[in-house]
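Observations on the three-dimensional arrangement
Given next are the chains, with one letter for each unit.
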Amino acid sequence: MSIPSIHATTLKTWLHDGAEIALFDVREAGEFGEGHLFLATPVPYSRLEVEAVRLAPRRDVRLVVTDADGGALATLAARRLADLGYTNVHVLEGGNAAWQTAGFALFQGVNVPSKTFGELAELAYQTPHITAGELAAWQREHKRHVLLDGRTVAEYRRMTIPGAVSCPNGELALRAPALIPDDDTPVVVNCAGRTRSIIGAQTLRNLGLRNPIYALENGTQGWQLHGLVLEHGADRRYPDTIDVPARRRAQEAVTELSRRFAVPSVTAADVRAERQRGARTVFLLDVRTAEAFARGSLPGAVHAPGGQLLQATDQYVGVRGARLIVFDDDGIRAPVIVSWLRQMGHDAVVLDGGLSEANAAALVQRDAAWQPPALSGIDAAALHNGLPHGQTQVFDLRGSAAYRAGHIPGARWATRRQLAGVRGVHVVLVDDDPAVSALAAVDVREHGAASVQRLDGGIPAWHAAGYPLEATPALPTDAERIDYLFFVHDRHDGNLDAARGYLAWEVGLVAQLDAQERAAFKPGLPAHARAASEANEVEAQ
């Protein structure tokens, strides 16, 4: 099967021509984070087909695959996508290296467009900030304030600033009125670094709160760099129920925000018609909490908690120029998220009626979600008994950190693309997600293995059967850990040098943008709203 290739200059044109495009970098997470195209979506080959259908659900979307050099990996991934039914797949000729040779920049890190937007939003809005030292002084002096941690609840529990209350950014519009006692108390929003601190604080400002509102400069990392101690295992969090007065205040604030930011909406009939036309990619995004989503959502909806959808948009949406339909169950959170997504350059709208029975009936889908073919299993006892006879090779497909901590003796750590050399061998795959083994089995069979199975129940089942695990803290070596991005992860383990490097990276993102990349973002009020605001100011004078 021949896959067409395109030149870097052609791809650059495609990325900014306004038509839909998906750009998949198919290397593993560590490789991707060391340098990638600004608008590339990380879709590691180890999870390619599963992630592709989630991130680019329309099979005729214009899709470009890239890797380090446009070589065997990109070509193989493109072939897998074509086999899956994608009809408009291309490979970037020469990959990321050719992109650089053509004079275009590569970016380190993850969630780069979202992170960059946070920096641009701070510049556009001049969002006030407070330093860790200033906040610590407030705490010593018992100065009244509210400190809100805008990350996920899990991140908050892992480590937070003493006194902080967990309220993910996507919940601020609904829950903040219940957490802030009056209009005079200063409010500080923090995250681990910069982005969610800025977006959270500016969300409250955009909602029209009269309080003094600040982003905590550099978040928990800034706190540690100031020599201050973080709290672990905290359980202070937003209230699950909101009383009528607080809900009314929230609704009034969001109504005004929607007017000022010209937040558009569509009906379920509009969404159904757009799906039926099939000319555009449509994402239906439920921005409520995980608990609420688990109780039920609209057919075909994806859980994309609002704060994370803004913080890591490329984890939910893999098609630039797609139509993003955002909803909740109260009409309070979705408009705020849409106001930000539109500033990020996305065609985002609110679904009228949100999570209503009428919408559920109108959006019912009959097509089942794609799943990889199931892989036959082997139980722990059978695998254990077969190992001493040398008949079986075990590959551990879990993350390298999990492998280091404990794996089946004799098992080799590998990613999907590292499964060669198995001709005539009986292969057993160990995973923490059956889909990973199911996809890897395709490659194992192509390489001529005698058979391939997955360990039923994975490592927990092996351990529960009483069989030993082997820890290898230095294997795979750091150089071999292509699934792990050190400068992103090590900062959370008390590595202050990593924290300094990460913060410098965030601040430096804007300077790396070219004119077209920067023009994709539109932070601030829409142009007509700014004009009206300026006219009102002149009239008031």
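Residues numbered from 1 in each chain as written. Predicted model: local features only at pLDDT ≥ 70, side-chain atom pairs only at ≥ 80, totals over all residues. Heavy atoms only, no water.

Considerations on the packing of helix H6 (residues 112–125) against helix H23 (residues 496–512)
Closest axis-to-axis distance for the H6/H23 pair is 8 Å, and the angle between their directions is 75°. Between H6 and H23, the angle falls in the class roughly perpendicular. Together, Val112, Lys115, Thr116, Glu119 and Leu120 of H6 and Tyr502, Trp505, Glu506, Val507, Leu509 and Val510 of H23 make up the contact between the two elements. (Axes fitted to C-alpha atoms, helices over the stretch in contact; angles between N-to-C directions. Helix = DSSP H or I, 4+ residues; strand = E, 2+ residues; numbered from the N terminus. Parallel < 35°, antiparallel > 145°, perpendicular 65-115°, else oblique. Contact = heavy atoms within 4.5 Å.)

Re the packing of aromatic side chains
Ring pairs (aromatic) are described by centroid distance and by the angle formed between their planes. Summed over all chains, the structure comprises 10 aromatic pairs. Summarising the aromatic geometry, the rings of tyrosine 125 and tryptophan 340 are spaced 5.9 Å apart at their centres and angled 70° between planes, so their arrangement reads as edge-to-face. Remark: tryptophan 340 occurs in helix H16 (residues 333–343) and tyrosine 125 occurs in helix H6; sequence separation between them is 215 residues. Ring geometry for tyrosine 502 versus tryptophan 505: centroids 5.1 Å apart, planes at 50°, classification tilted. Pair noted here: tyrosine 502 and tryptophan 505 are both in helix H23, with a separation of 3 residues, about one helical turn. (Phe/Tyr/Trp six-rings, centres within 6.5 Å; stacked < 30°, edge-to-face > 60°.)

Notes on the side chain of histidine 36
By the secondary structure assignment, histidine 36 is in the loop between helix H2 (29–34) and strand E3 (41–42). In this structure, histidine 36 is in contact with Asp25, Arg27, Asn96, Ala105, Leu106, Phe107, Gln108, Gly109 and Val112, ignoring residues within four places of it in sequence.

Comments concerning the environment of glycine 318
With respect to the secondary-structure elements, glycine 318 resides in the loop between helix H15 (306–311) and strand E14 (323–327). In this structure the C-alpha to C-alpha distance between glycine 318 and proline 57, which are 261 residues apart in sequence, comes to 9.0 Å. Residues contacting glycine 318, with those up to four places away along its chain left out, are Ile21, Ala22, Leu23, Phe24, Thr41, Leu55 and Phe283.

Describing the environment of serine 5
By the secondary structure assignment, serine 5 is in strand E1 (residues 5–6). Taking the relative accessible area as the measure of exposure, serine 5 reaches 44% and is therefore partly exposed. With 382 residues separating them in the primary sequence, serine 5 and leucine 387 have C-alpha atoms 44 Å apart. Aside from chain neighbours lying at most four places away, what touches serine 5 is Val91 and Glu93. (Buried < 20%, exposed > 50% of the residue type's maximum accessible area, 1.4 Å probe, protein only.)

Here we look at the pattern of salt bridges
Counted under the stated rule, the structure contains 41 salt bridges. As a salt-bridge pair, glutamate 171 and arginine 333 come within 3.0 Å of each other at their nearest N and O atoms. With glutamate 171 in the loop between strand E8 (165–166) and helix H9 (172–179) and arginine 333 in helix H16, this residue pair connects regions lying 162 residues apart in the sequence. Residues glutamate 171 and arginine 333 agree in their burial class; the two are buried. A salt bridge links arginine 333 to aspartate 330; the nearest nitrogen and oxygen atoms lie 2.7 Å apart. Summarising the burial analysis for this pair, arginine 333 and aspartate 330 share the class buried. Connected through shared salt-bridge partners, Glu20, Arg58, Asp60, Glu274, Arg277, Arg280, Arg323, Arg342 and Asp347 make up one network. (Salt bridge = Lys/Arg side-chain N within 4 Å of Asp/Glu carboxyl O.)

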